[in-house]
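Residue-level structural notes
Below, each chain spelled out in residue letters.
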Protein chains: 2
Amino acid sequence: MSPDNENKTTRDRLLKVAETLFAQRGYHAVSVREITTAANCNLAAVNYHFGNKKNLYLDVFRLRWMVRARRVHDSFTQHLAKHDGASPTEIIQALAEAFIKGPLADDERFYHAQLMMREMAKPTEAFEMVADEILRPFFRNLAKLLQPYLPEEIDEQRVNLNMLSIISMVIYFNFARVPVSLFTGCTYDEAFKERLIQHIVNFALTGLNVREKEKSL
Amino acid sequence: MSPDNENKTTRDRLLKVAETLFAQRGYHAVSVREITTAANCNLAAVNYHFGNKKNLYLDVFRLRWMVRARRVHDSFTQHLAKHDGASPTEIIQALAEAFIKGPLADDERFYHAQLMMREMAKPTEAFEMVADEILRPFFRNLAKLLQPYLPEEIDEQRVNLNMLSIISMVIYFNFARVPVSLFTGCTYDEAFKERLIQHIVNFALTGLNVREKEKSL
DNA sequence: TTGACATTCAAACGATCGTTTGATACAAAC
DNA sequence: GTTTGTATCAAACGATCGTTTGAATGTCAA
């Protein structure tokens, strides 16, 4: 148990410990006994505080994941608010920074992305919740921000695909650290994250074709 | 059990059934009993043919995943061989087609991507194997093909990031079908896959900045 | 026909799973 | 001091897990 856990309630310790374990290894690979041992409490505590294991998993999303996602989203919008009338460059940059550097501690961000990936691969009840409360609003917000800068003839379908491509990058670079480190030879230190942000901005900006260049393909 | 399984050996049926179940729900969420029931054989068959459950999982990668990955890679290179002296457009197009349409049946491709994502999120012994035999060679091959067309001043680091961005898209659009369908409103039919390919080619091509346009950012 | 080998089978193994129980400790309210 | 409610605890529950066993098959060469 980490030192900063000692002064929190059993319930909070369970949520925190459960989140990291679920993120690292998935729902079924983690046992209630392992969670309660790591949280330094009795085995029955999970059922007492959350009813059952599944409900603990859902509460991890309700009480930790979604709260954190809102912090990321807020960081994104506040970053934009500072430079009013944001350009596409600034929008993508704000987005990449919110997700790659952002308001989260490094471990936090990793676990956050891992949990989301697991839900995307095999959605549970948690995904519906997250989709309604976080993903869809964020998606709409981002599309609305970028729409004015996209070529006029572009249809809604292609806007969506562009959003998804950006999102695929920020998510992938967060959650797939092992293959990314393997192929780049880099660890996720501050310098590398800065390079990641610059890359995403560059790649996404030109990919979106927001500048009026001749488009031959 | 699907009809085409009836004339195969118990061993082959186990590999096939285990792959889809592991892909759908992950290693720990699937029991040996469930696998053997679905494969229409006795419970002890897994331990008889593969030693234990973990070895069955590894053999799924050895005997099914890697074989299939080589088929995709071959499809990619053969597609390129037809148009010799491939342009960047043709390279990315061949890559996107190999991964999005490619030589695989639709279910196959989905399970293939799911298995890979699970390994990327939480690597096991299977990942080392796949990284050595498939991922690294493919990564090097792709980088070598595209290198001549990239801006000369680009360093190796940025080449790697560009490769990873392309890969992140093809993987993401394959494995994250639920959120993609949710946000686009599209199912993965032939028309949508064709649109996906075109999008990836467009996005990646301009993102790579392969054409000599003024680069302002 | 016999023996050797490969495969399948029902049954059981010990271990671990999520969950429940009833006792206990400790506080605040009356 | 008693009551009430919250929280934690050790212990046990039945169920399911991965694995093992030994007998029952089928196959084919000797």
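Residues numbered from 1 in each chain as written. Chains lettered and ligands numbered in written order. Predicted model: local features only at pLDDT ≥ 70, side-chain atom pairs only at ≥ 80, totals over all residues. Heavy atoms only, no water.

**Some words on the pattern of salt bridges**
Applying the stated criterion to the full structure yields 28 salt bridges over all chains. Across the salt bridge formed by arginine 70 of chain B and glutamate 133 of chain B, the nearest N and O atoms sit 3.5 Å from each other. One end of the pair, arginine 70 of chain B, is in helix α4 (residues 53–82); the other, glutamate 133 of chain B, is in helix α7 (residues 125–146), and 63 residues separate them in sequence. The class for glutamate 133 of chain B is partly exposed, based on a relative accessible area of 46%. Several salt bridges share partner residues, and in doing so they unite Glu19, Arg64, Arg68, Arg71 and Glu108 of chain A into one network. (Salt bridge = Lys/Arg side-chain N within 4 Å of Asp/Glu carboxyl O. Helix = DSSP H or I, 4+ residues; strand = E, 2+ residues; numbered from the N terminus. Buried < 20%, exposed > 50% of the residue type's maximum accessible area, 1.4 Å probe, protein only.)

**Re the nonpolar core**
Here is a general trend for soluble globular proteins: nonpolar side chains tend to be buried in one another's company. Judged by nonpolar contacts, the single largest core of 158 residues is most densely connected at Phe173 of chain A together with Phe173 of chain B. The contacts of phenylalanine 173 of chain A, once residues within four sequence positions are left out, are Ile100, Val180, Tyr188, Leu196, His199 and Ile200 of chain A together with Leu161, Leu164 and Ser165 of chain B. (Core = buried A, V, L, I, M, F, W, Y, C linked by side-chain atoms within 4.5 Å. Contact = heavy atoms within 4.5 Å.)

**Considering the side chain of lysine 193 of chain A**
All names here are of chain A. Inspection of the secondary structure puts lysine 193 in helix α10 (residues 190–208). In terms of polar contacts, lysine 193 uses its side chain to reach the side chain of aspartate 106, at 2.8 Å. Each residue touching lysine 193, except ones within four places of it in the same chain, is listed here: Ile100, Asp106, Arg109 and Tyr188. (Polar contact = N/O pair within 3.5 Å; in protein donor to acceptor, adjacent residues only side chain to side chain.)

**Re the relation of the copies chain B and chain A**
Between chain B and chain A, the superposition needs a rotation of 180° and an axial shift of 0.0 Å, giving an RMSD of 0.0 Å. Such values leave the two copies arranged in the relation of a two-fold axis. Both copies contact each other with a shared surface, as 100% of the interface residues of chain B are interface residues in chain A too. (Least-squares fit on C-alpha atoms with pLDDT ≥ 70 in both.)

**Digging into the protein's contact with DNA strand D**
In the vicinity of DNA strand D, 17 residues are found, and the nearest of them are Thr10 and His49 of chain A together with Arg33, Leu43 and Lys53 of chain B. Among atoms of DNA strand D positioned within 4 Å of the protein, sugar and phosphate together represent 52%. One nitrogen or oxygen atom from the side chain of arginine 33 of chain B is found 2.7 Å from a base nitrogen belonging to DNA strand D. Secondary-structure elements contributing two or more residues to the surface near DNA strand D are α3 (45–50) of chain A together with α2 (32–38) of chain B. A breakdown of the residues in the surface near DNA strand D according to their chemical character gives eight nonpolar, six polar and three charged. (Near = heavy atom within 4 Å. Nonpolar A, V, L, I, M, F, W, Y, C, P; charged D, E, K, R; others polar.)

**What about helix α6 (residues 106–121) of chain A?**
The terminal C-alpha atoms of α6 of chain A, which comprises 16 residues, lie 23 Å apart, in line with the 22 Å expected from a rise of 1.5 Å per residue. By the burial criterion, the buried members of α6 of chain A are Arg109, Tyr111, His112, Ala113, Gln114, Leu115, Met116, Met117, Glu119, Met120 and Ala121 of chain A. (Expected span 1.5 Å × (residues − 1).)

**Examining the domain arrangement of chain A**
Residue and element names in this part refer to chain A. You can read the domains of chain A as domain 1 (1–51) and domain 2 (58–215). Counting from both sides, the interface comprises twelve residues of domain 1 and, opposite them, ten residues of domain 2. Both sides together, the interface formed by domain 1 and domain 2 hides about 990 Å², and carbon and sulfur atoms give 61% of it. Scanning the region where domain 1 abuts domain 2 turns up two salt bridges. Here arginine 68 and glutamate 19 are joined by a salt bridge, their closest N and O atoms 2.9 Å apart. Broken down by element, the side of domain 1 that touches domain 2 gets its largest block of residues, ten residues, from helix α1 (residues 10–25). Residues that form the side of domain 1 that touches domain 2 fall into these classes: five nonpolar, three polar and four charged. (Domains from an automatic or database assignment. Buried area = accessible area lost by both parts, 1.4 Å probe.)

**Some remarks on the interface of chain B and chain A**
Contacts between the two partners involve 57 residues from chain B, matched on the other side by 57 residues from chain A. Our enumeration of links across chain B and chain A arrives at zero salt bridges. Joining chain B to chain A, the criterion identifies seven residue pairs in polar contact (both at pLDDT 80 or more). Elements that contribute at least two residues to the side of chain B that touches chain A include exactly α1 (10–25), α6 (106–121), α7, α8 (156–175), α9 (177–184) and α10 (190–208) of chain B. When the residues that make up the side of chain B that touches chain A are grouped by side-chain class, the tally is 31 nonpolar, 16 polar and ten charged.

**A look at the environment of alanine 96 of chain A**
Residues and elements named next belong to chain A. By secondary structure assignment, the location of alanine 96 is in helix α5 (residues 88–100). Along the primary structure alanine 96 and isoleucine 197 are separated by 101 residues, whereas in three dimensions their C-alpha atoms are 5.5 Å apart. With sequence-adjacent residues up to four places away left out, alanine 96 is seen in contact with Lys101, Val170, Ile197, Ile200 and Val201.

**Some points on the packing of aromatic side chains**
Pairs of aromatic rings are described using the distance from one ring centre to the other and the angle between the two planes. Residues and elements named next belong to chain A. For the structure on display, the rule yields 25 aromatic pairs over all chains. Taken together, the aromatic side chains of Phe22, Tyr27, Tyr57, Phe61 and Trp65 make up a single cluster linked through ring pairs. Residue placement shows arginine 177 over the ring face of tyrosine 188; its charged tip is 4.5 Å from the ring centre. (Phe/Tyr/Trp six-rings, centres within 6.5 Å; stacked < 30°, edge-to-face > 60°. Lys NZ or Arg CZ within 6 Å of the ring centre and 35° of its normal.)

**Observations concerning the protein's contact with DNA strand C**
Around DNA strand C, 17 residues are found, and the nearest of them are Val32, Arg33 and Lys53 of chain A together with Thr10 and His49 of chain B. In DNA strand C, atoms within 4 Å of the protein come from the sugar-phosphate backbone in 50% of cases. Taking threonine 10 of chain B, its side chain carries an N or O atom lying 2.4 Å from a phosphate oxygen of DNA strand C. Among the elements of the structure, α2 (32–38) of chain A together with α3 (45–50) of chain B are those that each provide at least two residues to the surface near DNA strand C. For the surface near DNA strand C, a count of residues per class yields eight nonpolar, six polar and three charged.

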